[in-house]
Amino acid sequence: DAGVTQSPTHLIKTRGQHVTLRCSPISGHKSVSWYQQVLGQGPQFIFQYYEKEERGRGNFPDRFSARQFPNYSSELNVNALLLGDSALYLCASSLSPNYGYTFGSGTRLTVV
Amino acid sequence: AQSVTQLDSQVPVFEEAPVELRCNYSSSVSVYLFWYVQYPNQGLQLLLKYLSGSTLVESINGFEAEFNKSQTSFHLRKPSVHISDTAEYFCAVSDTNAGNMLTFGGGTRLMVKP
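The rules behind each value
- Residues numbered from 1 in each chain as written.
- Chains lettered and ligands numbered in written order.
- Predicted model: local features only at pLDDT ≥ 70, side-chain atom pairs only at ≥ 80, totals over all residues.
- Heavy atoms only, no water.
- Helix = DSSP H or I, 4+ residues; strand = E, 2+ residues; numbered from the N terminus.
- Buried < 20%, exposed > 50% of the residue type's maximum accessible area, 1.4 Å probe, protein only.
- Core = buried A, V, L, I, M, F, W, Y, C linked by side-chain atoms within 4.5 Å.
- Contact = heavy atoms within 4.5 Å.

(A) Representation of the overall build of chain B within the structure. Check the secondary structure of chain B and you find zero helices and twelve strands. The order of helices and strands in chain B, counted from the N terminus, is β-β-β-β-β-β-β-β-β-β-β-β. Expressed as lengths along the three principal axes of its C-alpha atoms, the size of chain B is roughly 45 × 30 × 25 Å. Burial statistics for chain B: of 114 residues in total, 48% are counted as buried.

If you want it as structure tokens, here you go:
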């Protein structure tokens, strides 16, 4: 079975631009969460979606948004990119919010 | 709200020696506890988890962790490490009622030397 897949794997953007990151959960998983991992730090929670509804939001500015589609895949959007948005963005999926999460390999975003 | 403290940012150890990676957490509610491992340029892999029941949990590759509620700790141990265990290890907690949104510690880099 395929694990959690994220695309693209690497991305370079310029300050002020917009970026969309994509995540396909494990088949049958209905919950998706997004985390930001800045180099040298632990991951920070951004969003959680379950059954296409937002179930949780971390302490991130409104420039960050996400959505979950009917097939349970998800997108994370970041507007007006800042240098500080450079990080590894991790997607994780689960059968439901109360089960353990499986993480993808992440998208490495570099803002220049 | 929860917080997680991993007391050591780096732990150097020789191959075949024992190791303990320390994790303490703070929470006003019941929590689930996790250890994840991250190899270079990769995502996170679940190593082991405590949800309920026995306070000692084990992984398939020889790691174990013990939940100590009174000391709010969940230290990770392995009696004999291998070069291949070199990686970043993250301790994480989630509120049992908060849908498994994870709060991570800052990580501990385990460096196994020959």
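On we go.
(B) Local environment of the nonpolar core. Counting residues in each nonpolar core, the largest one holds 27 residues, and the members touching the most others are W35, L48, F74, L76 and Y89 of chain B. Secondary-structure elements contributing two or more residues to this core are β2 (10-14), β3 (19-21), β5 (31-38), β6 (44-50), β8 (64-68), β9 (73-78), β10 (87-95) and β12 (108-113) of chain B. Leave out the neighbours within four places in its chain, and L76 of chain B touches V19, E20, L21, W35, L47, L48, F63, E64, A65 and Y89 of chain B. Residues I26, F60, A66 and A87 of chain A belong to the second largest nonpolar core, which totals 21 residues.

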